[in-house]
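Inside the fold
So you can see what is in the structure, the chains are spelled out below.
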Amino acid sequence: MSDKIYVADKPTLDSVNEKVSAILAIEKDEDVYGFVEHMDILDPDERIEYIGLNKNFNPITITMGGGYSLGDWATFPLLVNNKPYMVKSSGIVDYQLSETNYSKKADGETASDVANTSYDGGAFSWLQKIYKKEYIVGSDRYVKFSLEPRDGYEAAGFIDDTNNELEGVWIPMFYGASNGASQNPKMLTVSGTQPVHSQTTAQEKTLIDNFAARGKFFGGAIINTIHDLLLLWGKTSNIQDKYGYGNCNGYDSTLSPTYGVLANAIVGGGQFYGTGADDKKHLNKILHSIVLGSYQQWMRDPYTACVSGKVYVSKNYKYDISTPANTYKNTGVVFAETLSGVYPHKYAVEPGFGKIPVVPCEGTSATGGCDGFWVNPGITAVAGRFGSCSLDLFCGTGALTLNGTATDATWSIGAAVLLLPPAGTTPSVAA
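In short, a report on the structure. The structure presented is a predicted model; accordingly, all values stated were derived computationally and were not measured. (Residues numbered from 1 in each chain as written. Predicted model: local features only at pLDDT ≥ 70, side-chain atom pairs only at ≥ 80, totals over all residues. Heavy atoms only, no water.)

1. What about the overall build of the protein?
Under the convention used in this document: Runs of H or I in DSSP of at least four residues are treated as helices and runs of E of at least two as strands, each being numbered from the N terminus. To get the radius of gyration, use the C-alpha atoms; to get the globule rule, take the number of residues to the power 0.38 and multiply by 2.2 Å. Burial status follows relative accessibility: with a 1.4 Å probe on protein chains alone, a residue under 20% of its type maximum counts as buried, one over 50% as exposed, and anything between as partly exposed. Here, residues are in contact when the closest pair of their heavy atoms is within 4.5 Å.
Helix and strand content of the protein: 9 helices and 24 strands. Taken over C-alpha atoms, the radius of gyration comes to 21 Å for the protein, in line with the 22 Å a tight globule of 431 residues would show. Viewed in the frame of its principal axes, the protein has a C-alpha envelope of about 75 × 45 × 45 Å. Across the 431 residues that make up the protein, the buried fraction comes to 54%. Considering only residue pairs separated by 6 or more positions, the protein has 68% of its internal contacts joining residues 24 or more positions apart.

This is the structure in structure tokens:
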């Protein structure tokens, strides 16, 4: 005799879902930091709801053209410990830079190596490890952060390719540039250089590998974690409007071969510097990094791939652009049709990696997720992050393209170095 299968009717299922949602909502009051992204709400300022320890916090505010206030986040450890450094290629600190003038060491007087193209290492800012728990209930995406390990929380972006949990990562303060050597070419991460362009993914990887054994592409899970931290601190999904517009509209057809991509340069003002919607042709910075705030080149992200419409991800910086479907995690997200310059408003979640856009995409440059998205399901695509200076409001820290191959090499595609410290080290321990 076969077993019977009972299927509940819709009212019963709806009742069960409401009860599950109510149970999960209790977590709003636990002692962690976090937010709910109400994905059905398109207004970016109403979309993010504070929960947990920051329930009554005032968010960060940026004064366009100079100045910022951290609000109630001023004592948050990740922001307190986010300092600029010159870091050796080993991932070990050399010395701290002045927070307001990177051309000087922390004493404000001694000249630094921030523009030294012969320096064995580069300029980086420290992002301390944080644990994240992320899940979806109905149309709500819950994102929670803990400074301490907790059940169900993962150190997304802080796991190296041998599965060591790191105390933090080194964020590039400048775009990656080539030293131009014919033998042993390597990436530079210093001021006064022109961002690398017109290189394939494999060529970029050679530059990064020659820069440092623990050098990785600035992509993957850490970008999703940083984007969520910016949502947390800013309490809006319109990242450009909150943190600045950068060089998202600086394209100039007469400036071959870089077409408006600005050279790496020191931007003053501390951790954050933003320019407004009427000024989209200047370098901005977030967490001391012009890479995060300027949006002038797609940053290659080989840890996010799309194979015949199926999205695969590497959670720990393992690199495989030839057979990502064999090596990376299958997220279960599938795209059947080409998407070109759309704005997502809904996402799926891959634990330990972060959010991935899903269809339909009903946002705009000022609603929903506010950042652009592209997919070509007919190829094996290697991701790009942030946008380029010809894309204007499509840009942002959440912008994602999955419509280019690993061999694409144009002026609008570059790369930056994420430097992983040795396991167990921090700036204070290493110095």
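Structure's up, so let's keep going.
2. As for a negative patch on the surface
Quick reminder of the rule: Patch rule: a residue counts if its relative accessible area is over 30% and it has no salt bridge; like charges are joined within 9 Å, and nonpolar side chains (Val, Leu, Ile, Met, Phe, Trp, Tyr) within 5 Å. Areas reported as accessible are Shrake-Rupley estimates using a 1.4 Å probe. Residue values count occlusion only from the protein chains shown. Each salt bridge in this description consists of a side-chain nitrogen of Lys or Arg and a carboxyl oxygen of Asp or Glu lying within 4 Å of one another. When charges are tallied, Lys and Arg are placed among the positive residues and Asp and Glu among the negative ones, while His and the ends of the chain are skipped. Note that the charge is assigned to NZ on lysines, CZ on arginines, CG on aspartates and CD on glutamates.
A cluster of acidic residues, Asp43, Asp45, Glu46 and Asp241, forms a negative patch on the protein surface. With respect to the helices, strands and loops of the structure, Asp45 is situated in helix α2 (residues 44-47).

3. Notes on unusual backbone geometry
Residue Pro257 is reached from Ser256 by a cis peptide bond, and omega for that bond is 5°. As for its placement among the helices and strands, Pro257 is situated in the loop between α6 (239-243) and α7 (290-294). The residue Leu287 is not glycine, and still its phi comes out positive at about 55°. Taking relative accessible area as the criterion, Leu287 reaches 1% and is therefore assigned buried.

4. Overview of the environment of Gly168
Within the secondary structure, Gly168 sits in strand β10 (residues 168-172). Considering only alpha carbons, one finds Gly168 and Gly244, 76 residues apart in sequence, at a separation of 25 Å.

5. Concerning helix α4 (residues 201-211)
Test applied: Think of it as the arc spanned by the lines of direction from the helix axis to the C-beta atoms.
Turning to α4, its buried residues number three or more, namely Thr201, Glu204, Leu207, Ile208 and Phe211. In a view along the axis of α4, the buried residues occupy a sector of 120°, so they form one face of it.

6. Considering the pairing of β10
Test applied: Two strands pair under a simple rule: DSSP has to find at least two bridges between them.
With 5 of 5 residues buried, β10 is to be regarded as a mostly interior element. On β10, burial covers both faces: Gly168, Trp170 and Pro172 on one face and Val169 and Ile171 on the other are all buried. Sheet topology note: the strand β7 (residues 121-128)/β10 ladder contains 5 bridges and is antiparallel. Each bridged residue has a counterpart across the sheet, and for Gln128 the counterpart in β10 is Gly168.

7. Describing the nonpolar core
The following threshold applies: What makes a nonpolar core is a set of buried Ala, Val, Leu, Ile, Met, Phe, Trp, Tyr and Cys residues whose side-chain atoms join them at distances within 4.5 Å.
Ranked by internal contacts, the top residues of the largest apolar core, which has 88 residues, are Phe218, Ile222 and Trp233. With 8 residues, helix α5 (residues 221-234) is the single largest residue contributor to this core. Other than its neighbours up to four places away in sequence, Trp233 contacts Tyr50, Pro59, Ile60, Trp73, Phe76, Leu78, Leu79, Tyr243 and Leu287. Counting 17 residues, the second largest nonpolar core, distinct from the first, contains Cys306, Val313, Phe373 and Val375.

8. Let's talk about the packing of aromatic side chains
Selection criterion: A pair of Phe, Tyr and Trp rings is counted when the ring centres sit within 6.5 Å of each other, with Trp represented by its six-membered ring. The angle between the planes then sorts it: under 30 degrees is stacked, over 60 is edge-to-face, the rest tilted.
Applying the stated criterion across every chain yields a total of 24 aromatic pairs. Seen in terms of ring centroids, Tyr343 and Phe394 are 4.9 Å apart; in terms of plane orientation they differ by 10°. Their pairing is stacked. A residue pair is termed long-range when its members are at least 10 positions apart, and Tyr343 in the loop between β17 (339-342) and β18 (346-350) and Phe394 in the loop between β21 (380-385) and β22 (400-402) qualify at 51 residues. The exposure class of Tyr343 is buried, given its relative accessible area of 12%. Here the aromatic residues Tyr33, Tyr50, Phe57, Trp73, Phe76 and Trp233 are joined through ring pairs into a cluster of three or more.

9. Remarks on the state of the cysteines
Between two cysteines, a covalent bond joining their sulfur atoms is known as a disulfide. In plain terms, the rule: In this description, a disulfide is simply a cysteine sulfur pair whose atoms lie within 2.5 Å.
In this structure the tally under the stated criterion is 0 disulfides. Its sulfur unpaired, Cys306 is 13 Å from the next cysteine sulfur, which belongs to Cys361. Left without a disulfide partner, Cys395 is nearest to the cysteine sulfur of Cys248, which lies 5.3 Å away.

10. A short note on the environment of Ala213
Mapped onto the elements, Ala213 comes out in the loop between α4 and β13 (215-217). For Ala213, a relative accessible area of 77% corresponds to the exposed category. Note: C-alpha distance between Ala213 and Ser89 (124 residues apart in sequence) is 7.6 Å.

11. Section: α5
Using the following cut-off: To estimate the expected span of a helix, count its residues, drop one, and scale the result by 1.5 Å.
The end-to-end C-alpha distance of α5 is 20 Å, a good match for the 20 Å that 14 residues give at a rise of 1.5 Å each. Summarising burial for α5: 14 of the 14 residues are buried, a large majority. Positive backbone phi, approximately 55°, marks Lys235, located one or two places after α5.

It is worth stressing that arrangement in space is one thing and function is another; only the former is reported here.
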